[in-house]
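Listed below are the residues making up each chain.
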Amino acid sequence: MDCAFANLDAAGFLQIWQHFDADDNGYIEGKELDDFFRHMLEKLGSKDKITEERVQQIKESFMSTYDLTSDGRLAIHELANMILPVDENFLLIFRREASLDNSVEFMKIWRKYDADSSGYISAVELKSFLNDLFQQHKKDIPPGKLDEYTNTMMSIFDKNKDGSLDLNDLARILALQDNFLLQFKMDANSQVERKRDFEKIFAHYDVSKTGALEGPEVDGFVKDMMELVRPSISGVDLDKLREVLLRHCDVNKDGKIQKSELALCLGVKLKSQSH
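Residues numbered from 1 in each chain as written. Predicted model: local features only at pLDDT ≥ 70, side-chain atom pairs only at ≥ 80, totals over all residues. Heavy atoms only, no water.

The chain is annotated in an unreviewed UniProt entry as Secretagogin from Carassius auratus. Its UniProt record gives the chain a comment under Subcellular location (unreviewed entry), which states: "Cytoplasm". (UniProt positions renumbered as here; feature names shortened; annotations may be inferred.)

K.L.:
What am I meant to see in a nonpolar patch on the surface here?
P.N.:
Together, Leu 182, Leu 228 and Val 229 make up an exposed nonpolar region whose accessible area comes to about 300 Å². Relative to the elements of secondary structure, Leu 182 occurs in the loop between helix H8 (167–173) and helix H9 (191–205). (Patch = residues over 30% accessible without salt bridge, like charges linked within 9 Å, V, L, I, M, F, W, Y side chains within 5 Å. Areas by Shrake-Rupley, 256 points an atom, 1.4 Å probe, with all protein chains shown as cover. Salt bridge = Lys/Arg side-chain N within 4 Å of Asp/Glu carboxyl O. Helix = DSSP H or I, 4+ residues; strand = E, 2+ residues; numbered from the N terminus.)

K.L.:
Could you clarify how one ought to interpret the packing of aromatic side chains in this entry?
P.N.:
Going through the model one piece at a time under the given rule, you end up with 8 aromatic pairs. Aromatic ring contacts, followed pair by pair, group Phe 20, Phe 36, Phe 37, Phe 62 and Tyr 66 into a single cluster. Between the NZ or CZ atom of Arg 73 and the centre of the ring of Tyr 27, over which it lies, the distance is 3.6 Å. (Phe/Tyr/Trp six-rings, centres within 6.5 Å; stacked < 30°, edge-to-face > 60°. Lys NZ or Arg CZ within 6 Å of the ring centre and 35° of its normal.)

K.L.:
Looking at this structure, I do not really get the environment of Glu 193. What am I missing?
P.N.:
Tracing the chain through its elements places Glu 193 in helix H9. Placed 75 residues apart in sequence, Glu 193 and Val 268 show a C-alpha to C-alpha distance of 9.9 Å.

K.L.:
Would you mind going over the state of the cysteines with me for this structure?
P.N.:
As used in these notes, a disulfide is a covalent bond between sulfur atoms, one from each of two cysteines. In this structure the tally under the stated criterion is 1 disulfide. Put simply, Cys 249 and Cys 265 are joined by a disulfide, and their sulfur atoms are 1.9 Å apart. Disulfide Cys 249 to Cys 265: torsion about the S-S bond roughly -75°, handedness left-handed. In this pair, Cys 249 sits in helix H11 (residues 235–249) while Cys 265 sits in helix H12 (residues 259–266), placing the two residues 16 residues apart along the sequence. (Disulfide = S-S within 2.5 Å.)

K.L.:
I tried to follow the packing of helix H6 (residues 123–136) against helix H7 (residues 145–157) on my own but got confused; where do I start?
P.N.:
How two helices pack is summed up by the angle between their axes together with the distance between the axes. Close contact between H6 and H7 brings their axes to 9 Å; oriented N to C, the two are set at 120°. Between H6 and H7, the angle falls in the class oblique. Taken as a pair, H6 and H7 cross one another with a handedness that is right-handed. Residues Ala 123, Leu 126, Lys 127, Leu 130, Asn 131 and Phe 134 of H6 form the contact with H7, whose participating residues are Leu 146, Asp 147, Tyr 149, Thr 150, Met 153 and Met 154. Of the residues in the contact of H6 with H7, the class split is 8 nonpolar, 2 polar and 2 charged. (Axes fitted to C-alpha atoms, helices over the stretch in contact; angles between N-to-C directions. Parallel < 35°, antiparallel > 145°, perpendicular 65-115°, else oblique. Left-handed = near helix turned anticlockwise from the far one by under 90°. Contact = heavy atoms within 4.5 Å. Nonpolar A, V, L, I, M, F, W, Y, C, P; charged D, E, K, R; others polar.)

K.L.:
Would you mind going over the pattern of salt bridges with me for this structure?
P.N.:
For the coordinates displayed, the defined rule picks out 18 salt bridges. The residue Lys 31 makes a salt bridge to Asp 35 at a minimum N-O spacing of 3.0 Å. Of this pair, Lys 31 and Asp 35 both sit in helix H2 (residues 31–43), separated by 4 residues, roughly a single helical turn. Taking relative accessible area as the criterion, Asp 35 reaches 25% and is therefore assigned partly exposed. Measuring nitrogen to oxygen at the nearest pair gives 2.6 Å for the salt bridge that ties Arg 242 to Asp 219. Highlighted residues: Arg 242 in helix H11 and Asp 219 in helix H10 (residues 216–227), separated in sequence by 23 residues. Arg 242 sits in the buried class, given a relative accessible area of 15%. Classification of Asp 219 by relative accessible area gives buried; the value is 2%. Look at the salt bridges and you will find they share partners, linking Lys 31, Asp 35, Arg 38 and Glu 52 into a network. (Buried < 20%, exposed > 50% of the residue type's maximum accessible area, 1.4 Å probe, protein only.)

K.L.:
What's the story with the UniProt feature "domain: EF-hand" (unreviewed entry) in the chain in this structure? I'm lost.
P.N.:
According to UniProt, the "domain: EF-hand" (unreviewed entry) feature falls on residues 8–43, 101–136, 145–180, 193–228 and 236–272. The distance separating the terminal C-alpha atoms of residues 101–136 is 20 Å; by composition the span is 69% helix and 6% strand. Here residues 145–180 is 56% helix and 6% strand, with 36 Å between the C-alpha atoms at its ends.

K.L.:
Even after reading the chapter, I still don't get helix H5 (residues 103–113), so can you show me in this structure?
P.N.:
What sets the pattern is the α-helix's 3.6 residues per turn: residues three or four places apart point alike. Every buried residue of H5 is accounted for by Ser 103, Val 104, Phe 106, Met 107, Ile 109, Trp 110 and Tyr 113. In this structure Asn 102 caps H5, since a side-chain oxygen of it lies 2.8 Å from the backbone nitrogen of Val 104. (Polar contact = N/O pair within 3.5 Å; in protein donor to acceptor, adjacent residues only side chain to side chain.)

Given below as structure tokens:
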């Protein structure tokens, strides 16, 4: 593998990613995956005839090592770990963040780097984000590389090419796990089921364990709720919906949503309400 992509840099990696993620869905999968491994065999200068069987063999070999989520497809971080030299693999700095499984943690990052509260992350804000990540991981950035990495990230993830990232773009960068709420039946009929689900849901978003949702906890809950009905919401949409939720559910107007307030809002009877 090393000799196939020995001199690859961030820009070259971008070209490979965009070429093989042909449907632009954020993964190399299916036929795209076969095409990539066929390309890899060609780059390696395979002396043997490149048969379908050989392609499948090398695919199985590499996927068993690099497909960390075992979902049969390559995410951008997995491909980077496979083909980028260590000193060029700027995506390694996302390894810790790539385990994000809670939208609350994701929204903390979003709020911090959407510094002007515009509902978007500009190239300047993204550069600040990358710089902080490098410092956090105690990695030195070679001169001029921060701009290159910022431009590469923008090229990969700025889907509508408007020079800024929205919520969904950042979620893809950080490999945010599937929406927590997808595991629940939103039409559960029995009060017992609804109360049980509500307890799990509230505990998940009440990261601070204060008995109330506040700040990014409200954001994370709103984001996941809205994405059940609208797959792609922007930062601007989220801010509007957050205001709506607070207006309807924050009964005592303290800027937080108490557990009892959210239960009332969602029509769930807690023990204290059932007398």
